[in-house]
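Now for the letters of each chain:
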Amino acid sequence: MKRKLVLLCLMLFMIGSTVSATNEWTLTPFKGKLVWNGVELPRDQDMPYLHNNGTVYIPIRSLSETSAGIASYDAGTKSIYFDTFGSSISQASSAIYKQAANEHVTLRINSDQDIYQSGEPLSIWATLESNSSSTLDLSYTLPLMKFYIEDQDGMSVTAPYAPKPQTRSFKPDEQTIQLWDGSLAYQYARAQSELLEESSPLFRPLHLPPGHYIIGVESQYMIAKNDNANLNADMTEISVSIPIVIE
(Lines give C-alpha, C1' and ligand atoms only; values in the text may rest on other atoms or scores of the structure.)
Protein backbone atom coordinates (compact mmCIF):
# COMPACT_ATOMS: atom_id res chain seq x y z
CA MET A 1 0.00 0.00 0.00
CA LYS A 2 1.38 3.35 -0.97
CA ARG A 3 2.08 5.66 1.91
CA LYS A 4 1.10 9.28 1.38
CA LEU A 5 3.40 11.80 2.98
CA VAL A 6 2.51 15.42 3.53
CA LEU A 7 5.73 17.35 3.03
CA LEU A 8 6.61 20.93 3.82
CA CYS A 9 9.31 22.44 1.60
CA LEU A 10 12.04 24.37 3.37
CA MET A 11 14.75 26.03 1.30
CA LEU A 12 18.23 25.41 2.65
CA PHE A 13 21.57 26.25 1.09
CA MET A 14 23.26 22.92 0.63
CA ILE A 15 24.49 20.56 -2.08
CA GLY A 16 21.95 17.82 -2.68
CA SER A 17 21.08 15.14 -5.15
CA THR A 18 20.19 15.58 -8.80
CA VAL A 19 17.08 15.54 -10.96
CA SER A 20 16.99 13.11 -13.86
CA ALA A 21 16.36 14.11 -17.49
CA THR A 22 12.78 12.79 -17.22
CA ASN A 23 11.97 15.35 -14.49
CA GLU A 24 11.69 12.58 -11.89
CA TRP A 25 13.04 13.53 -8.48
CA THR A 26 15.71 11.51 -6.76
CA LEU A 27 15.19 12.08 -3.03
CA THR A 28 17.77 11.01 -0.49
CA PRO A 29 17.57 11.15 3.32
CA PHE A 30 18.66 14.38 4.98
CA LYS A 31 20.65 13.44 8.06
CA GLY A 32 21.24 16.93 9.39
CA LYS A 33 19.49 18.62 12.29
CA LEU A 34 16.56 21.02 11.78
CA VAL A 35 15.76 23.64 14.40
CA TRP A 36 12.50 25.67 14.33
CA ASN A 37 12.45 28.79 16.54
CA GLY A 38 15.07 27.25 18.80
CA VAL A 39 13.36 23.84 19.01
CA GLU A 40 14.93 20.81 17.32
CA LEU A 41 12.29 19.08 15.24
CA PRO A 42 11.56 15.46 16.19
CA ARG A 43 12.34 12.66 13.76
CA ASP A 44 10.10 9.79 12.72
CA GLN A 45 11.73 6.75 11.09
CA ASP A 46 8.62 6.18 8.99
CA MET A 47 8.60 9.79 7.74
CA PRO A 48 12.25 10.86 7.27
CA TYR A 49 13.55 14.24 6.16
CA LEU A 50 14.39 14.16 2.45
CA HIS A 51 16.43 16.42 0.20
CA ASN A 52 16.90 17.07 -3.47
CA ASN A 53 19.03 19.63 -5.27
CA GLY A 54 19.36 22.01 -2.31
CA THR A 55 15.77 21.64 -1.08
CA VAL A 56 14.82 19.82 2.12
CA TYR A 57 11.36 18.32 2.66
CA ILE A 58 10.04 17.61 6.15
CA PRO A 59 6.70 16.18 7.38
CA ILE A 60 4.32 18.84 8.69
CA ARG A 61 3.74 16.48 11.59
CA SER A 62 7.25 17.33 12.78
CA LEU A 63 6.20 20.95 13.25
CA SER A 64 2.88 20.08 14.87
CA GLU A 65 4.73 18.03 17.51
CA THR A 66 6.63 21.10 18.67
CA SER A 67 5.24 24.18 20.38
CA ALA A 68 5.15 25.92 16.99
CA GLY A 69 1.56 25.03 16.16
CA ILE A 70 -0.90 22.36 15.06
CA ALA A 71 -1.47 20.86 11.61
CA SER A 72 -4.97 19.84 10.44
CA TYR A 73 -6.14 18.17 7.24
CA ASP A 74 -9.50 18.72 5.54
CA ALA A 75 -10.12 15.64 3.39
CA GLY A 76 -13.12 17.28 1.71
CA THR A 77 -11.12 20.14 0.22
CA LYS A 78 -7.75 18.35 0.39
CA SER A 79 -6.41 21.33 2.33
CA ILE A 80 -3.70 21.38 4.96
CA TYR A 81 -3.85 24.02 7.70
CA PHE A 82 -0.97 24.86 9.98
CA ASP A 83 -1.99 27.21 12.81
CA THR A 84 0.46 28.70 15.29
CA PHE A 85 -0.05 29.45 18.98
CA GLY A 86 1.40 32.95 18.89
CA SER A 87 -0.57 36.13 18.34
CA SER A 88 -1.07 37.22 14.72
CA ILE A 89 -1.51 40.91 15.62
CA SER A 90 0.97 43.21 13.91
CA GLN A 91 -1.12 46.38 13.88
CA ALA A 92 -4.80 46.97 14.53
CA SER A 93 -7.37 49.58 15.48
CA SER A 94 -10.31 49.16 17.83
CA ALA A 95 -13.59 48.67 15.99
CA ILE A 96 -15.18 47.46 19.22
CA TYR A 97 -14.00 47.86 22.81
CA LYS A 98 -15.18 47.98 26.41
CA GLN A 99 -13.46 49.27 29.50
CA ALA A 100 -13.90 49.30 33.26
CA ALA A 101 -12.07 51.34 35.87
CA ASN A 102 -11.53 51.58 39.61
CA GLU A 103 -9.38 53.81 41.78
CA HIS A 104 -6.25 51.90 40.81
CA VAL A 105 -6.45 50.87 37.15
CA THR A 106 -8.42 50.96 33.90
CA LEU A 107 -8.91 47.63 32.14
CA ARG A 108 -9.85 47.66 28.45
CA ILE A 109 -10.48 44.92 25.88
CA ASN A 110 -10.25 45.67 22.15
CA SER A 111 -11.08 43.93 18.88
CA ASP A 112 -10.54 45.23 15.37
CA GLN A 113 -13.90 43.76 14.32
CA ASP A 114 -17.00 42.22 15.85
CA ILE A 115 -17.61 39.60 13.14
CA TYR A 116 -14.88 37.17 12.07
CA GLN A 117 -14.91 34.50 9.40
CA SER A 118 -14.32 30.88 10.40
CA GLY A 119 -10.58 30.22 10.58
CA GLU A 120 -9.69 33.91 10.62
CA PRO A 121 -7.25 34.86 13.44
CA LEU A 122 -8.83 36.93 16.19
CA SER A 123 -7.29 40.37 16.51
CA ILE A 124 -8.08 40.94 20.19
CA TRP A 125 -5.97 42.53 22.88
CA ALA A 126 -6.34 43.95 26.38
CA THR A 127 -4.64 46.82 28.20
CA LEU A 128 -4.28 47.68 31.86
CA GLU A 129 -3.38 51.27 32.72
CA SER A 130 -2.59 52.85 36.07
CA ASN A 131 -5.01 55.51 37.36
CA SER A 132 -2.91 56.37 40.37
CA SER A 133 -0.78 59.49 40.80
CA SER A 134 1.77 57.41 42.72
CA THR A 135 3.51 54.09 42.06
CA LEU A 136 1.40 51.02 42.89
CA ASP A 137 3.01 47.80 44.14
CA LEU A 138 0.72 45.12 42.74
CA SER A 139 0.73 41.53 44.02
CA TYR A 140 -0.94 39.05 41.65
CA THR A 141 -0.74 35.62 40.07
CA LEU A 142 0.49 35.36 36.48
CA PRO A 143 -0.77 36.50 34.10
CA LEU A 144 -1.88 39.90 35.37
CA MET A 145 -4.64 39.87 32.73
CA LYS A 146 -6.44 36.60 31.94
CA PHE A 147 -8.70 36.11 28.91
CA TYR A 148 -11.84 33.99 29.11
CA ILE A 149 -14.40 32.63 26.62
CA GLU A 150 -18.13 32.05 27.11
CA ASP A 151 -20.10 30.49 24.27
CA GLN A 152 -23.78 30.76 23.39
CA ASP A 153 -24.56 27.64 25.41
CA GLY A 154 -23.02 29.07 28.58
CA MET A 155 -19.83 27.02 28.50
CA SER A 156 -16.86 29.06 29.69
CA VAL A 157 -13.09 28.59 29.72
CA THR A 158 -10.56 30.81 31.47
CA ALA A 159 -6.83 31.01 30.85
CA PRO A 160 -4.78 29.16 33.48
CA TYR A 161 -2.61 31.05 35.91
CA ALA A 162 0.51 30.32 37.92
CA PRO A 163 -0.25 29.84 41.64
CA LYS A 164 2.95 31.56 42.81
CA PRO A 165 2.31 35.27 43.54
CA GLN A 166 4.29 37.97 41.79
CA THR A 167 4.89 41.60 42.70
CA ARG A 168 5.57 44.47 40.34
CA SER A 169 5.66 48.23 40.54
CA PHE A 170 3.06 49.99 38.41
CA LYS A 171 4.06 53.59 37.75
CA PRO A 172 1.62 56.48 37.14
CA ASP A 173 0.15 56.34 33.60
CA GLU A 174 2.01 53.06 32.91
CA GLN A 175 0.21 50.65 30.59
CA THR A 176 0.68 46.93 29.99
CA ILE A 177 -0.80 44.91 27.14
CA GLN A 178 -1.93 41.29 26.73
CA LEU A 179 -2.43 39.80 23.26
CA TRP A 180 -4.93 37.09 22.39
CA ASP A 181 -3.35 33.89 21.10
CA GLY A 182 -4.60 30.43 20.15
CA SER A 183 -3.94 28.74 23.49
CA LEU A 184 -7.33 29.60 25.03
CA ALA A 185 -9.19 28.46 21.89
CA TYR A 186 -7.24 25.20 22.18
CA GLN A 187 -8.41 24.77 25.78
CA TYR A 188 -11.98 25.43 24.65
CA ALA A 189 -11.71 22.86 21.82
CA ARG A 190 -10.39 20.21 24.22
CA ALA A 191 -13.13 20.95 26.76
CA GLN A 192 -15.79 20.66 24.02
CA SER A 193 -14.29 17.39 22.79
CA GLU A 194 -14.34 15.91 26.31
CA LEU A 195 -17.88 17.14 26.88
CA LEU A 196 -19.09 15.50 23.65
CA GLU A 197 -16.88 12.44 24.28
CA GLU A 198 -15.32 12.75 20.84
CA SER A 199 -12.24 10.69 20.07
CA SER A 200 -11.43 12.02 16.59
CA PRO A 201 -8.54 14.48 16.18
CA LEU A 202 -9.39 18.13 16.79
CA PHE A 203 -9.73 20.13 13.57
CA ARG A 204 -8.02 23.53 13.70
CA PRO A 205 -8.32 23.71 17.51
CA LEU A 206 -6.49 27.06 17.69
CA HIS A 207 -9.55 28.73 16.11
CA LEU A 208 -12.99 28.99 17.66
CA PRO A 209 -15.77 27.30 15.64
CA PRO A 210 -18.68 29.36 14.22
CA GLY A 211 -20.96 30.77 16.89
CA HIS A 212 -21.65 33.69 19.22
CA TYR A 213 -19.13 34.31 21.99
CA ILE A 214 -18.34 36.60 24.88
CA ILE A 215 -14.61 37.29 25.00
CA GLY A 216 -13.54 38.84 28.26
CA VAL A 217 -10.49 39.69 30.29
CA GLU A 218 -10.10 39.88 34.04
CA SER A 219 -7.42 41.05 36.42
CA GLN A 220 -7.05 40.08 40.07
CA TYR A 221 -4.54 41.84 42.28
CA MET A 222 -3.94 43.42 45.64
CA ILE A 223 -1.95 46.43 46.66
CA ALA A 224 1.07 45.02 48.46
CA LYS A 225 1.63 46.68 51.81
CA ASN A 226 4.57 44.55 52.91
CA ASP A 227 6.60 41.49 51.92
CA ASN A 228 4.24 39.18 53.83
CA ALA A 229 1.09 40.38 52.09
CA ASN A 230 -1.58 37.70 51.82
CA LEU A 231 -3.02 37.41 48.31
CA ASN A 232 -6.29 36.11 49.75
CA ALA A 233 -6.84 39.33 51.68
CA ASP A 234 -8.05 42.59 50.14
CA MET A 235 -8.04 41.06 46.64
CA THR A 236 -9.41 43.38 43.97
CA GLU A 237 -10.98 41.98 40.80
CA ILE A 238 -11.90 43.87 37.66
CA SER A 239 -13.26 42.42 34.42
CA VAL A 240 -14.68 43.53 31.09
CA SER A 241 -15.97 41.73 27.98
CA ILE A 242 -17.16 42.14 24.40
CA PRO A 243 -19.44 40.03 22.15
CA ILE A 244 -18.07 38.63 18.89
CA VAL A 245 -19.53 36.45 16.16
CA ILE A 246 -17.67 33.83 14.12
CA GLU A 247 -19.48 32.96 10.91
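We now turn to the structure provided with this report. (Residues numbered from 1 in each chain as written. Predicted model: local features only at pLDDT ≥ 70, side-chain atom pairs only at ≥ 80, totals over all residues. Heavy atoms only, no water.)

Regarding the nonpolar core
For step 1, the next point in the chain: Counting residues in each nonpolar core, the largest one holds 34 residues, and the members touching the most others are Ile124, Leu208, Ile215 and Ile244.
For step 2, the next point in the chain: At the level of secondary structure, the elements contributing two or more residues to this core comprise β10 (105–111), β12 (124–130), β13 (136–141), β14 (146–151), α2 (183–195), β18 (211–223) and β19 (236–246).
For step 3, the next point in the chain: Counting residues per element, this core draws most heavily on β19, which supplies five residues.
For step 4, the next point in the chain: Among the nonpolar cores identified, the runner-up in size contains six residues, and Phe30, Leu34, Leu41 and Tyr49 belong to it. (Core = buried A, V, L, I, M, F, W, Y, C linked by side-chain atoms within 4.5 Å. Buried < 20%, exposed > 50% of the residue type's maximum accessible area, 1.4 Å probe, protein only. Helix = DSSP H or I, 4+ residues; strand = E, 2+ residues; numbered from the N terminus.)

Points about the packing of aromatic side chains
For step 1, the next point in the chain: One pass over the structure, following the stated rule, counts two aromatic pairs.
For step 2, the next point in the chain: Taking 5.6 Å as the distance between ring centres and 70° as the angle between the ring planes, the aromatic pair formed by Phe147 and Trp180 counts as edge-to-face. Of the two residues, Phe147 sits in strand β14 while Trp180 sits in the loop between β17 (175–179) and α2, which places them 33 residues apart along the sequence. Like Trp180, Phe147 is buried.
For step 3, the next point in the chain: Their ring planes at 80° and their centres at 5.9 Å tell us that Tyr188 and Tyr213 sit as a pair that is edge-to-face. On the criterion of sequence distance, the pair formed by Tyr188 in helix α2 and Tyr213 in strand β18 is long-range, its members being 25 residues apart. Here Tyr188 matches Tyr213 in class, with each residue buried.
For step 4, the next point in the chain: Arg108 extends its terminal NZ or CZ atom over the ring of Tyr97, reaching a point 3.6 Å from the ring centre. (Phe/Tyr/Trp six-rings, centres within 6.5 Å; stacked < 30°, edge-to-face > 60°. Lys NZ or Arg CZ within 6 Å of the ring centre and 35° of its normal.)

A short note on the layout of surface pockets
For step 1, the next point in the chain: Taken as a whole, the largest pocket spans an internal volume of roughly 360 Å³.
For step 2, the next point in the chain: Together, 18 residues line the largest pocket, and Ala189, Phe203, Arg204, His207 and Pro209 are the ones closest to its centre.
For step 3, the next point in the chain: Considered class by class, the residues forming the lining of the largest pocket number 10 nonpolar, six polar and two charged. (1 Å grid on protein atoms, 1.4 Å probe; cavity = no way out; pocket = protein on both sides within 12 Å on 5 of 7 lines; lining within 4 Å. Points joined across faces, edges and corners; volume = space filled by probe spheres on them. Nonpolar A, V, L, I, M, F, W, Y, C, P; charged D, E, K, R; others polar.)

Comments concerning the pattern of salt bridges
For step 1, the next point in the chain: Under the counting rule described, the total for this entry stands at two salt bridges.
For step 2, the next point in the chain: The residue Arg204 makes a salt bridge to Asp83 at a minimum N-O spacing of 2.8 Å. Placement of the pair is Arg204 in the loop between α2 and β18 and Asp83 in strand β8 (residues 79–84), with a sequence separation of 121 residues.
For step 3, the next point in the chain: For Asp83, a relative accessible area of 8% puts it in the buried group. (Salt bridge = Lys/Arg side-chain N within 4 Å of Asp/Glu carboxyl O.)

Comments concerning the sheet that holds strand β9 (residues 96–101)
For step 1, the next point in the chain: One open sheet holds the four strands; their spatial order is β9-β10-β12-β17, and the pairing between them is antiparallel. Unpaired on one side and paired on the other, β9 and β17 mark the two borders of the sheet. The average angle at which neighbouring strand axes cross in this sheet is 15°, direction not considered.
For step 2, the next point in the chain: Bridge count between β9 and β10: six bridges; the pairing is antiparallel. What sits directly across from Gln99, in β10, is Arg108. (Pairing = 2+ DSSP bridges. Axes fitted to C-alpha atoms, helices over the stretch in contact; angles between N-to-C directions.)

Re unusual backbone geometry
A negative phi angle characterises most non-glycine residues, just as the trans form characterises most peptide bonds.
For step 1, the next point in the chain: Of the consecutive residues Leu142 and Pro143, the connecting peptide bond is found in the cis state with omega at -10°.
For step 2, the next point in the chain: In this structure, Pro143 sits in the loop between β13 and β14.
For step 3, the next point in the chain: The phi dihedral of Asp173 falls on the positive side, at around 65°, and the residue is not glycine.
For step 4, the next point in the chain: Within the element layout of this structure, Asp173 appears in the loop between β16 (165–170) and β17.
For step 5, the next point in the chain: Look at Asp173 and you get exposed, because its relative accessible area is 60%.

Remember, this is a structural readout, not a statement about activity or role.
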